[in-house]
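# Observations on chain architecture
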Protein chains: 2
Amino acid sequence: MHALEVSLGDRSYPILIGPGLYAATALMVDHFVGKRVAIVTNETIAPLYLAPLTNALRDLGLSVVEIVLPDGETYKTGNTLDRIYDALMRERCDRSTTLIALGGGVIGDMCGYAAATYQRGVPFIQIPTTLLAQVDSSVGGKTGINHPLGKNMIGAFWQPKLVLADTDTLNTLPARELSAGLAEVIKYGLIRDYAFFEWLEDNMDRLVSCDPDALTYAIERSCANKAEVVAGDERETAKEGGRALLNLGHTFGHAIETALGYGTWLHGEAVATGMLMAAQLSAHLGWLASSDVARIGDLLARARLPLKAPRLGAEKYFDLMGHDKKNIGGRLRLVLLKRIGEAITTSAIEPGDVLAAIAACCADQKEPSRDG
Amino acid sequence: MHALEVSLGDRSYPILIGPGLYAATALMVDHFVGKRVAIVTNETIAPLYLAPLTNALRDLGLSVVEIVLPDGETYKTGNTLDRIYDALMRERCDRSTTLIALGGGVIGDMCGYAAATYQRGVPFIQIPTTLLAQVDSSVGGKTGINHPLGKNMIGAFWQPKLVLADTDTLNTLPARELSAGLAEVIKYGLIRDYAFFEWLEDNMDRLVSCDPDALTYAIERSCANKAEVVAGDERETAKEGGRALLNLGHTFGHAIETALGYGTWLHGEAVATGMLMAAQLSAHLGWLASSDVARIGDLLARARLPLKAPRLGAEKYFDLMGHDKKNIGGRLRLVLLKRIGEAITTSAIEPGDVLAAIAACCADQKEPSRDG
């Protein structure tokens, strides 16, 4: 088992990474405030992991409320959130109840947001069961739901007490979702860790075939990178750089997800294509060599991620990117690459350059394709 | 103009109290981050105060979004909150938008909660237009909405950047709402400020007749009392005393409000009757002299507040009090009086004693009555 500390003063918490952790209640017991626990999960995860976790918690003498939600990004809404609140209220859960998020990023975001807002805040533990959730949402405390006009528009910063990243749960993960997680792993190499990018070039085949040691290393290094960024800018208030760098590819990606309806593309797929669009724009500005764009494309392709964006029309891209949270005072703010391993934030890009990059990356398709 | 600082480290903010403040944009200008402002108000307040405020802000060169909600506690719901989110999204308000709450406690709580959660948090300014909001919700950062099974069950701690308590706005306040605000004013005397309680006994007639100097003094002293309590226990985590003391009368009061449907009794009216029930229970336990219960009843009566609780049945009271946030680990936690000017929190009260106090305070009525 590998351990990592996310350092945020009195909101610091550990991430434990390794096999056999998801029902290891001995690791959780110090983090419970009262005698009640509510597990939030979904219909896909529940048959795999819910009963062993519930039983292990009941063996500790805890009262357990199970809240099983429908699966998918389309359900990351206020209506689904209300199902969590309703269950907590019906069961008379009070402020000493600990929430446990058992599932992927959608469950983590919704359960975390419910924890942030139920009775103005209760503790929560994350047990992420997808690679994406393990390397992304397990660090940083971003929680929330989607609004019909934009992703993650309603939310709060709320740190978990503990994260258990169980690599065994990746064995039941569909290959497409593993790839989506690898997009975020590659992102850490691109924005701040060139040596890790090189390691990924050497080890991508092991990752795609679910080699547990390779996965453990990639998760730990990804979380460590994210933890360093978050520790320096917890609430994303830095004017330049800081936490915003983690959004490489996200502004383009959000446009894809929003235009096609959440769920047609997986978040990680949209981010992968978005990162390539950002790389293309960086090259168009003369910052990045076109050989580096090709190198990024190659690694994404080996991770079985889509390279071409859907042809929505440049205007629509602009419109949907304008609804992205990262835009300050109405100006389009982007994360771009100075080189592989160094990203910057900028609000100084001409619309014409953005349009050119969009055009260079689009193809006539709506479903994500791995053909490049 | 009187000024008061709420000391909460980097979340500290000033409260300014006096006449002619609600559209004094010169006082606000340092607190705007970007060029956009969204004013959240209701249909009752809008005709009185919205246009002058909007115009004054536009004169500063700001872009102003007006969000006018229906009036009343019954609208303190997720559906009404969605109207705020929808307007902000439709107008493409980003993270640099400042929200302004122009109205009473319901508007303050909902606008504050929207500010806490829109794009994971934007700044907000409070312009409370009721006495209750000026002396209660303007200090402490509690924001939120009701759930069908309980008041304020969904929410967040989110501090305003500035509070402008304009005593002129109390001239348009219905007498019943002025009295409801006086219940919270009396509360500060009861829980921690005996000298203020005596001052209220000497000056209640001036307050009821809206004497501006008396009101300014009462608002300032109330806010100062609350600010001291909140500074010592910002997130209500103290195990004994602390912020929970501010809930004197609230556990009983919430039961009344919930049973009769929000809005039949005003919050302050339910708190007034709840405080008398808490005093009655304190006397039953031998802590408070029965002459002090009478003295409290007299002051509440002079503030034109209801003294008798509706006869819901003791079981129903218990049931509804059990859904109150202040109950830790399933035990009923109450705020009671050791004497006038000193409150304590306790979880050690026998149900039989609570039932006796409820029975002693009930009368056959549903509408709040001022006949005692």
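Residues numbered from 1 in each chain as written. Chains lettered and ligands numbered in written order. Predicted model: local features only at pLDDT ≥ 70, side-chain atom pairs only at ≥ 80, totals over all residues. Heavy atoms only, no water.

Labelled according to an unreviewed UniProt entry, chain A appears under the name 3-dehydroquinate synthase, originating from Georgfuchsia toluolica. One UniProt comment on chain A, placed under Function (unreviewed entry), says "Catalyzes the conversion of 3-deoxy-D-arabino-heptulosonate 7-phosphate (DAHP) to dehydroquinate (DHQ)." In UniProt, chain A has this text filed under Subcellular location (unreviewed entry): "Cytoplasm". (UniProt positions renumbered as here; feature names shortened; annotations may be inferred.)

## Focus on the sheet that holds strand E9 (residues 162-166) of chain B
Residue and element names in this part refer to chain B. One open sheet accounts for seven strands, arranged E1-E2-E9-E6-E5-E3-E4; its pairing is mixed. Two strands bound the open sheet, and with one partner strand each, they are strand E1 (2-6) and strand E4 (63-69). In this sheet, adjacent strand axes meet at a mean angle of 15° when their direction is disregarded. Across the sheet, helix H3 (residues 78-90) touches strand E3 (36-42), E4 and strand E5 (98-103), and the angle it forms with E4 is around 160°. The strands that helix H8 (residues 212-231) touches are E1 and strand E2 (13-18); relative to E1, the one it contacts most, it runs at about 10°. (Pairing = 2+ DSSP bridges. Helix = DSSP H or I, 4+ residues; strand = E, 2+ residues; numbered from the N terminus. Axes fitted to C-alpha atoms, helices over the stretch in contact; angles between N-to-C directions. Contact = heavy atoms within 4.5 Å.)

## Some thoughts on the interface of chain B and chain A
Taken together, the contact pairs 36 residues of chain B with 36 residues of chain A. Summing the contributions of chain B and of chain A, the shared interface buries around 3,200 Å²; its carbon and sulfur component is 52%. Here chain B and chain A share four salt bridges between them. Arg92 of chain A is the salt-bridge partner of Asp319 of chain B, the closest N and O atoms lying 2.3 Å from each other. In this structure, the connection of chain B to chain A is made through 10 residue pairs in polar contact (both at pLDDT 80 or more). Of all the elements in the fold, those that place two or more residues in the side of chain B that touches chain A are H3, helix H4 (105-117), strand E7 (142-147), strand E8 (150-157) and helix H12 (314-322) of chain B. In terms of residues, the side of chain B that touches chain A owes the most to one element, E8 of chain B, which gives seven residues. Looking at the side of chain B that touches chain A, its residues break down into 12 nonpolar, 13 polar and 11 charged. (Buried area = accessible area lost by both parts, 1.4 Å probe. Salt bridge = Lys/Arg side-chain N within 4 Å of Asp/Glu carboxyl O. Polar contact = N/O pair within 3.5 Å; in protein donor to acceptor, adjacent residues only side chain to side chain. Nonpolar A, V, L, I, M, F, W, Y, C, P; charged D, E, K, R; others polar.)

## A short note on the UniProt feature "domain: 3-dehydroquinate synthase N-terminal" (unreviewed entry) in chain A
In the numbering adopted here, UniProt assigns the feature "domain: 3-dehydroquinate synthase N-terminal" (unreviewed entry) to residues 67-179 of chain A. The annotated region residues 67-179 of chain A carries 34% helix and 29% strand content, and the separation between its end C-alpha atoms amounts to 28 Å.

## Describing the relation of the copies chain B and chain A
When chain B is fitted to chain A, the residual RMSD is 0.0 Å, and the transformation amounts to a turn of 180° plus an axial shift of 0.0 Å. Those values place the two copies in the arrangement expected of a two-fold rotation axis. Same-surface contact between copies: 100% of interface residues of chain B are shared with the interface of chain A. (Least-squares fit on C-alpha atoms with pLDDT ≥ 70 in both.)

## Points about unusual backbone geometry
Residues and elements named next belong to chain A. With a phi angle near 55°, Asn152 is a residue other than glycine that sits in the positive phi range. Unusually for a residue other than glycine, Arg304 sits at a positive phi of about 60°. Take Arg304: it is sitting in the loop between helix H11 (290-302) and strand E10 (309-310).

## Some details on the sheet that holds strand E2 (residues 13-18) of chain A
Residues and elements named next belong to chain A. Across the sheet, seven strands lie side by side as E1-E2-E9-E6-E5-E3-E4; this open sheet has mixed pairing. Because the sheet does not close on itself, it has two edges, and the strands there are strand E1 (2-6) and strand E4 (63-69). Strand-to-strand, the axes of this sheet are offset by a mean angle of 15°, without reference to chain direction. Where helix H2 (residues 46-59) meets the sheet, it contacts strand E3 (36-42), E4, strand E5 (98-103) and strand E6 (124-128), and its direction lies at approximately 175° from that of E3. Helix H8 (residues 212-231) contacts E1 and E2 of the sheet and is inclined by roughly 10° relative to E1.

## Points about the pairing of E3 of chain A
All names here are of chain A. E3 sits mainly inside the fold: six of its seven residues count as buried. Here seven bridges tie E3 to E4, and the two strands are oriented parallel to one another. Bridge assignment links Thr41 to a residue of E4, and that residue is Val68. Each parallel crossover has a hand, and the one from E3 via H2 to E4 is right-handed. (Buried < 20%, exposed > 50% of the residue type's maximum accessible area, 1.4 Å probe, protein only. Right-handed = clockwise from strand over helix to strand, strands pointing away.)

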